[in-house]
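# Chain and residue survey
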Amino acid sequence: MNPRLSLRLSAVATAILLSLPAQAMAAEERAFDVPKGNLSRVLPVISRQAGVSISVVDANLWQSRVKSVRGRMSVEEAIRRLLAGSDARAVRVSATSWRIERRPAPPRVAYRAAPPPRQAPQPRAREPANDMVAAAHDEIIVTASKTDLPYSHFAGVATQLDGGDLAFGGERGMDSILSRTANVSSTHLGSGRNKLFIRGIADSSFTGPTQATVGQYLGDIRLSYNAPDPDLRLYDIDNVEILEGPQGTLYGAGSLGGIIRVVPKAPDPRAMSVQAIAGLSVTQHGDPGGDIAAIANLPVGDNGHALRLVGYMLTDGGYIDNPLRGQDDVNRVHVRGGRGTFRFEAGDGWTIDLGGIYQAITSDDAQYADKDAPPLIRNSLVQQNAKARYALGTVVVMKDWGDLRFQSSNAFIDHRLFERFDATVPDGDQQGSVDVTRLFSPVNVSLIIDRPRVLDQRNETRMFVSENRLSRPYHDGLGWVIGASFIDNRARQRRDFGIAGFGVAGFSKALPASIDFIGPPEALQGVVTSRGISAMLPGVTNRITEVTGYAEATVELMPDLIASGGLRLSHARLGGAAEGVSFAVAEAQRATTASRNETDLLPSVSLLATPLHNVRVYARYQEGFRPGGLAVDGNFVRRFLNDQVRTWEGGVRFGDKGHSLFDASLSLSHSRWRNIQADFIDSNGFPTTANIGDGRITSLSGALAVRPTEALTFELGAVYNHSRVDDLAPQILPVFDAAPARLGRIPNVAKHTVRGSINYATVIGDQDFRVNGWANYIGPSRLGIGPVLGESQGDYVDTGLAMRVGNARRGVSLTLTNLFDSRGNRFSLGTPFVEGNEGFMTPLRPRTLRIAVDVAY
């Protein structure tokens, strides 16, 4: 994008947004039917009916008796009636959130009779959320528990990230989450192409047929099965919950490491609102970028219907130069997308949400550089572009029956990913010549060429998912959930091998070639053209249909002792087919690709005790699994088996976040991983998948938050992972030749990670002022499994600083990332076709400054 044009467009967009007329938003009435009882039992009910988030500051208030609320009224009036006569009062935090706290000691009459003549302004800058330790009063319920379990009763450390904090300083998709947590890691192949890992459970660097180790959810909708992270932009998000795994009982296959649950803001029928954000960014050593987004909430009629819309466009400037092609800043990324949800109040307590998402990511070129070249330089004859397209349609049906809640979540997903890799043989290997005999048929064909080569890989995933559950939100010492789910997933992987010709897309110029061809001309019909040579490599289609049933209950056995237990029974039918192979090969592999069944039983159990005030100790055991499938192996396909993780965990949490001087958590877990599914490089230089053996992982994580004043918070988090593949499968030993000792740690997870941040929020005059600074140290890790992918990566520091001045209606923000303009090496994979990958590194984005404005009406 032309920098001047970008500046003009952003200036025009900003002027239009700032000139929109302000509108008074009157709160609309809603229908309430809330029974009386303890606050812990009633609060989830009124929160759902009001469509707002309500937190409780004082844990002792959970047992307070509150009154019933029935009839049509505003949310403010409903909460006032609920708390009338109790020791609690409600404080409005924002348009969609409230805080319940204990009434102050002085009599309320004194406040009504003689308010201070000059009271300090009540609206304060929003307190930064503690991104490492989610304490009970910050999160009323752990919604990912599916039983609305209060965090004080949850056996574990659930990380909660506030949606406003994620958007603070500029929306960066999954990078916004990674920069705020120490327990989540990722590969860095490119936006829309990465794999996520939690708790040191990582399988590989590539996007293969294996199911992900981390379950990703939008609300209660599963986003993917065996596809990479779609990297959806996190605009208009209420919060993000991260539960460390395994989470097999509640979430089934693909939650070995844990889950990441993104909760979007729901449509609000009370009032119309419009919000817009526009920003410009400048990257040192690179091109400028920009972003613009709009959010609208539109009530529809007078019966509680509402529509919520989100739209956005972003472009990140490139910073990698390719002198061999005569190009600078080649790795620009374009993102555009939107999300919409229509809430329909069907009557008699039934609510139906109809939603949809579409996002497209286009990467002009790869973001890796050459290690032996000057900084931010890569010499490649191939343009390694990528395109990711993600579409999702959802139907969610909800209803409350007194203490019970029913929810049916259904979705269809279409996820497509195209990737191009440079497959050129390095200099010095027969001067770039390669025998591609095995790529063509019949077998009596020999072809020697010395042109640049490419590998195009296409992954297409289509999935239908449905989950139906009935739950009793936890109250009066009991909570439970029972449910069933159905998944039908079809994943197709196709690969094409290409050799440059004159004018082939992705090549800058024609190169001299030496071609020696032996065989009948018809053998290459439709393959050799004036634009080059291409051949379809063997591909694979995996199909899985999974039906599961699960149940879990939480019971207070005695005061200060809570037990949870659950069970999940999963039955999967697996099938597939090889593509791009001869009929004879397909027939020979019929037994390999034949359908088969797998049944898995996943138990879980936990205990949580509160021996002292604000001190909680817990122990937990849980299992997780991934089904098997088919993978390409040279000209054939091979079957890989399911793998399973068993984890024992213990930990302690203490402190009262936001009120005590500090709060902290400490967790220790040990996992045994059987039949590890992993990707590695085969003898032909192509990625493939197999069960490589068994492993073990020990993880120690801790977090600490110190709050010396109400406006200032210091946070520190650290994770230590010790992993080992200690029992190689016999069929894998030949692949690793004589160097199984180099297998070492499980890949892509740093042995140690440390994160620190400083948050400051105050009020200056009638303007809120907030600043947040952070620094993350990512320790060393390995690129992959086996000697070929044994290259090291990591061992770098990432930093950032963000600030905002403004109010709820308008604001100006400034963000500076990579303060010291360090390079680092986030990921050592450039292309899988260079043995050892010793020449590649993926640097941090250079120092980038972003200036943005936001407006709301």
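As a reminder, the structure under discussion sits directly above these lines.
Residues numbered from 1 in each chain as written. Predicted model: local features only at pLDDT ≥ 70, side-chain atom pairs only at ≥ 80, totals over all residues. Heavy atoms only, no water.

Over its 12 residues, helix 2 (residues 39-50) extends 15 Å from the first C-alpha to the last, a length consistent with the 16 Å expected when each residue adds 1.5 Å. In terms of burial, helix 2 is largely enclosed, as 10 of its 12 residues are buried. Listing the buried residues of helix 2 in full gives Leu39, Ser40, Val42, Leu43, Pro44, Val45, Ile46, Ser47, Gln49 and Ala50. Backbone geometry just downstream of helix 2 places Gly51 in the positive-phi region, at approximately 70 degrees. (Helix = DSSP H or I, 4+ residues; strand = E, 2+ residues; numbered from the N terminus. Expected span 1.5 Å × (residues − 1). Buried < 20%, exposed > 50% of the residue type's maximum accessible area, 1.4 Å probe, protein only.)

For the rest of this paragraph, the subject is the pairing of strand 14 (residues 258-264). In terms of burial, strand 14 is a largely internal element, 6 of the 7 residues being buried. As paired elements, strand 11 (residues 214-218) and strand 14 share 5 bridges and run parallel to each other. Across the sheet, residue Gly215 finds its bridge partner in strand 14, namely Ile259. Direction of pairing for strand 13 (residues 237-244) relative to strand 14: antiparallel, over a ladder of 7 bridges. Directly across from Val240, in strand 14, lies its bridge partner Val262. (Pairing = 2+ DSSP bridges.)

This next bit is on a nonpolar patch on the surface. Judged by side-chain polarity, Phe654, Leu661, Phe662, Leu704, Leu716 and Val754 come together as a nonpolar surface patch covering roughly 480 Å² of accessible area. Looking at the secondary structure, you find Leu661 in the loop between strand 35 (643-655) and strand 36 (662-674). Judged by relative accessible area, Leu661 falls into the exposed class, the value being 52%. (Patch = residues over 30% accessible without salt bridge, like charges linked within 9 Å, V, L, I, M, F, W, Y side chains within 5 Å. Areas by Shrake-Rupley, 256 points an atom, 1.4 Å probe, with all protein chains shown as cover. Salt bridge = Lys/Arg side-chain N within 4 Å of Asp/Glu carboxyl O.)

Here 5 strands make up an open sheet; going across it, the order is 8-13-14-11-12 and the pairing mixed. A single partner strand is all that each edge strand has here, and the edge strands are strand 8 (159-162) and strand 12 (221-222).

Enumeration over the complete set of coordinates arrives at 19 cavities of 30 Å³ or more. Approximately 290 Å³ is the volume found for the second largest cavity. Among the elements of the structure, strand 13, strand 29 (532-558), strand 30 (561-579), strand 31 (596-612) and strand 32 (615-626) are those that each provide at least two residues to the lining of the second largest cavity. Examining the composition of the lining of the second largest cavity, we find that 5 residues originate from one element, strand 31, more than from any other. (1 Å grid on protein atoms, 1.4 Å probe; cavity = no way out; pocket = protein on both sides within 12 Å on 5 of 7 lines; lining within 4 Å. Points joined across faces, edges and corners; volume = space filled by probe spheres on them.)

Let's shift gears to the packing of aromatic side chains. Going through the model one piece at a time under the given rule, you end up with 10 aromatic pairs. Centre to centre, the rings of Tyr151 and Phe154 are 6.2 Å apart; their planes meet at 25 degrees, and the pair counts as stacked. Both residues of the pair, Tyr151 and Phe154, belong to the buried class. One aromatic cluster is present, formed by Trp350, Trp401 and Phe406 through successive ring pairs. In this structure, Lys146 packs its charged tip against the face of Tyr251, placed 4.4 Å from the ring centre. Against the face of Tyr151 rests Arg653, its NZ or CZ located 4.1 Å from the ring centre. (Phe/Tyr/Trp six-rings, centres within 6.5 Å; stacked < 30°, edge-to-face > 60°. Lys NZ or Arg CZ within 6 Å of the ring centre and 35° of its normal.)

Taken residue by residue, helix 3 (residues 75-83) has Val75, Ala78, Ile79, Leu82 and Leu83 as its buried positions. Down the axis of helix 3, the smallest arc covering the buried residues is 120 degrees, so these residues share one side. Where helix 3 ends, the next residue or the one after it, Gly85, has phi of about 85 degrees, a positive value. (Arc of directions from axis to C-beta.)

Time to look at the nonpolar core. The biggest cluster of nonpolar side chains holds 36 residues, and the ones touching the most others in it are Ile177, Val240, Ile242, Ile260, Leu392 and Ile413. It is strand 21 (residues 386-401) that provides the largest number of residues to this core, a total of 4 residues. One finds Leu43, Ile54, Leu83 and Ile100 within the second-largest nonpolar core, a separate group that totals 24 residues. (Core = buried A, V, L, I, M, F, W, Y, C linked by side-chain atoms within 4.5 Å.)

This part covers the side chain of Ser47. By the element assignment, Ser47 lies in helix 2. A polar contact is formed between the side chain of Ser47 and the backbone oxygen of Val52, at a distance of 2.6 Å. In this view, Ser47 contacts Val52, Ser53 and Ile54; residues no more than four positions away in its chain are not counted. (Polar contact = N/O pair within 3.5 Å; in protein donor to acceptor, adjacent residues only side chain to side chain. Contact = heavy atoms within 4.5 Å.)

A separate point is the environment of Trp350. Within the fold, Trp350 resides in strand 19 (residues 350-363). Given a relative accessible area of 28%, Trp350 falls into the partly exposed group. As for Trp350 and Trp401, which are separated by 51 residues in sequence, their C-alpha atoms are 10.0 Å apart. Leave out the neighbours within four places in its chain, and Trp350 touches Phe344, Glu345, Val397, Met398, Lys399, Trp401 and Phe406.

This part takes up the packing of helix 2 against helix 3. The interhelical angle for the contact between helix 2 and helix 3, taken along N-to-C directions, is 170 degrees, at an axis separation of 11 Å. Taken together, the axes of helix 2 and helix 3 are roughly antiparallel relative to one another. Packed against helix 2, whose contacting residues are Leu39, Val42, Ile46 and Ala50, the element helix 3 presents Val75, Ala78, Ile79, Leu82 and Leu83 at the interface. Tallied by class, residues from the contact of helix 2 with helix 3 come to 9 nonpolar, no polar and no charged. (Axes fitted to C-alpha atoms, helices over the stretch in contact; angles between N-to-C directions. Parallel < 35°, antiparallel > 145°, perpendicular 65-115°, else oblique. Nonpolar A, V, L, I, M, F, W, Y, C, P; charged D, E, K, R; others polar.)

Now for the side chain of Ser699. Within the secondary structure, Ser699 sits in strand 39 (residues 693-706). We classify Ser699 as buried; its relative accessible area is 5%. A distance of 3.0 Å separates polar atoms of two side chains, one belonging to Ser699 and the other to Asn721. Apart from the residues within four sequence positions on either side, Ser699 is in contact with Arg199, Ser667, Leu668, Ser669, Val719, Tyr720 and Asn721.

With that out of the way, let us pick up the environment of Gly576. Checked against the element boundaries, Gly576 lands in strand 30. On the basis of relative accessible area, Gly576 is assigned to the buried category, the value being 8%. Taking the C-alpha atoms as reference points, Gly576 and Val540, separated by 36 residues in sequence, lie 7.2 Å from one another.

Right, let's talk about the pattern of salt bridges for a bit. What the rule picks out here adds up to 41 salt bridges. Of the charged contacts, one joins Arg626 and Asp643 as a salt bridge, the two residues approaching to 2.7 Å between their closest N and O atoms. Taken together, the positions of Arg626 in strand 32 and Asp643 in strand 35 put the pair 17 residues apart, joining distant regions of the chain. Given a relative accessible area of 0%, Arg626 falls into the buried group. Three or more residues joined by partner-sharing salt bridges are found here, namely Lys146, Asp220, Glu241, Arg261, Glu467 and Arg469.

Note that all results are geometric; they support no functional claim without further evidence.
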